[in-house]
Amino acid sequence: MTYELPPLPYAKNALAPHLSEETLNFHYEKHHRGYVNKLNQLAAEKPAWAGKSYEELIKTESGVVFNQAAQIWNHTFYWKSLSPNGGGAPTGKVAELINEAFGSFDAFKEKFSAAASGHFGSGWAWLVRDDNNKLQIVSTHDAGNPIKDGHIPVLTCDVWEHAYYIDFRNDRPKYIATWWNLVNWEFANSNLNQQRSFL
Amino acid sequence: VSTQSTGPLHGYHTMFAIARSALRAPVRRTFAASASASVHTLPDLPYDYNALEPHISAEIMTLHHKKHHQTYVTGLNAAEEAYVKAPTPKERIALQAAVKFNGGGHINHSLFWKNLAPTGSPETKLSGGEFKEAIEKAFGSVDAFKKELNTKTAAIQGSGWGWLGYNKATKSLEIVTTANQDPLLSHVPIIGIDIWEHAFYLQYKNVKPDYLNAIWNVLNFKEAAARYKEARSSS
């Protein structure tokens, strides 16, 4: 079994002018695809775990195998967390839950932005929930994925430098501000009340 | 690579010691009895921003020095100021991550600018002598050394640094890596290579090996030899 790169949910220029076509080209075709290629390489050398789902590999593996599997999963979830029709205030169930957990959308926005821009080094900022739909903001380092800790992801923002350097250079806060113009509330809502297999 | 020897504060104080020697920051005495935070400043680049072209672009050098390194300096000053004023251990502990991150960033980048030199300059030649012999002894050949340093640096998952370091205990040169902006504490830094994406992305994108090959044209072996000599004499 070979692992395959899931298709991008939209055209490479669909997130412009917020995120450029150039960024999506490199981020998807080089970084995301690179993790898939590497995982397949490793699977060919050590077929013992090959064929396992990304979630299984994330939960059971460590080191270089974990890094590839987690980064494949993380990036797929990231593309879905963005939408050409995204942005604005949350709607639906997630809006309710945000108010419950954080008081208001603005308060949530401030906390999430702080977590994303303040993360030291490479990693991800996540909105996650527990089994009772209580929301929380967590950040993970490098390839870290919150399902390993038993959280259920709702949204993510990639804060590795490759995610924003072409469009924003060192200005990570500006990139985070842009992320809010693309955030996919529909996807967030679809991640509520689901138990497994978010992809 | 372990960077801590004894106890939770040891590495922290060692880092401060390295910061003081590597950066020679002036200590300003204030009127407050216990406040003696140093004010760190961005060191000047020893060469023009375009001096490492075509291997490292002027755009990268400018952003790297004026934005990234400056941010670590600003962040370190803020973190140290807050730390000195923090009234309880708990509050000081909460600030340690910021001190380590920004302090490490300042230390690492200060070392980095010095272990690079303009394209074609004599400092970029690894000439025969004690240092070159030590490399050949430790790695077999200069090529083998280059290969090992590049391979281990490229293998870092996430952000970090690849180092040629001098192990004082074993009196040997070794390749070590550090994560994020952790300063190198286990060895004396001889050559550092920044593998954070900001160090190469605009020019090399995801192709780390190309950056790692290119940087060998602008490594300052004269500085490295001097660091090695000092490390040997102070063992």
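Here goes a summary of the coordinates provided. (Residues numbered from 1 in each chain as written. Chains lettered and ligands numbered in written order. Predicted model: local features only at pLDDT ≥ 70, side-chain atom pairs only at ≥ 80, totals over all residues. Heavy atoms only, no water.)

What follows covers the packing of helix H4 (residues 130-139) of chain B against helix H5 (residues 142-154) of chain B. Residue and element names in this part refer to chain B. Running from N to C, H4 and H5 cross one another at 70 degrees; their axes reach a closest spacing of 8 Å. By the angle class used here, H4 and H5 are roughly perpendicular. For the pair H4 and H5, the crossing hand works out as left-handed. Between H4 and H5, the contacting residues are Lys 132, Ile 135, Glu 136 and Phe 139 on the first element and Val 142, Ala 144, Phe 145 and Glu 148 on the second. Looking at side-chain class alone, the contact of H4 with H5 contains five nonpolar, no polar and three charged residues. (Axes fitted to C-alpha atoms, helices over the stretch in contact; angles between N-to-C directions. Helix = DSSP H or I, 4+ residues; strand = E, 2+ residues; numbered from the N terminus. Parallel < 35°, antiparallel > 145°, perpendicular 65-115°, else oblique. Left-handed = near helix turned anticlockwise from the far one by under 90°. Contact = heavy atoms within 4.5 Å. Nonpolar A, V, L, I, M, F, W, Y, C, P; charged D, E, K, R; others polar.)

With that settled, the discussion passes to the interface of chain A and chain B. It is common to give the size of an interface as the accessible area that goes away when the parts come together. Taken together, the contact pairs 19 residues of chain A with 18 residues of chain B. Here chain A meets chain B over a buried area of about 1800 Å², counting both sides, of which 56% is carbon and sulfur. When the buried area of chain A at its contact with chain B is split by residue, A:Phe120, A:Glu161 and A:Tyr165 rank highest and sum to 35% of it. Inspection of the region where chain A meets chain B yields two salt bridges. (Buried area = accessible area lost by both parts, 1.4 Å probe. Salt bridge = Lys/Arg side-chain N within 4 Å of Asp/Glu carboxyl O.)

Okay, the side chain of B:Ser57 next. Summarising the element assignment, B:Ser57 is placed in the loop between helix H1 (7-23) and helix H2 (58-85). Not counting chain neighbours up to four residues away, the residues in contact with B:Ser57 comprise B:Tyr49 and B:Gln203.

Residue and element names in this part refer to chain A. When you tally the buried positions in strand E1 (residues 123-129), you get seven out of seven residues, the bulk of the element. Sheet topology note: the E1/strand E2 (residues 135-141) ladder contains seven bridges and is antiparallel. Looking at E2, one finds that Leu 127 is bridged to Ile 137. In this structure, the hairpin formed by E1 and E2 is closed by a connection of five residues, where Asn 133 is found at a positive phi of approximately 65 degrees. (Buried < 20%, exposed > 50% of the residue type's maximum accessible area, 1.4 Å probe, protein only. Pairing = 2+ DSSP bridges.)

A few words now on helix H5 (residues 105-118) of chain A. Residues and elements named next belong to chain A. Here H5 is 14 residues long and its end C-alpha atoms lie 19 Å apart, about the 20 Å a rise of 1.5 Å per residue gives. All of the buried residues along H5 are Phe 105, Phe 108, Phe 112, Ser 113, Ala 115 and Ala 116. One face of H5 carries all of its buried residues, which in axial projection span an arc of 160 degrees. Residues of H5 that are exposed and point more than 90 degrees away from the buried face comprise Asp 106, Glu 110 and Lys 111. Where H5 is buried, its residues meet helix H4 (93-102), E1, E2, strand E3 (152-158), helix H7 (172-179) and helix H8 (185-190). (Expected span 1.5 Å × (residues − 1). Arc of directions from axis to C-beta.)

Okay, the pairing of strand E3 (residues 188-194) of chain B next. Residues and elements named next belong to chain B. Of all seven residues making up E3, six are buried, and the element is well covered by its neighbours. Where strand E1 (residues 160-167) meets E3, six bridges bridge the pair, whose relative direction is antiparallel. Within E3, the position partnered with Trp 161 by the bridge is Asp 194.

As far as function goes, none of this settles anything; it's purely spatial.
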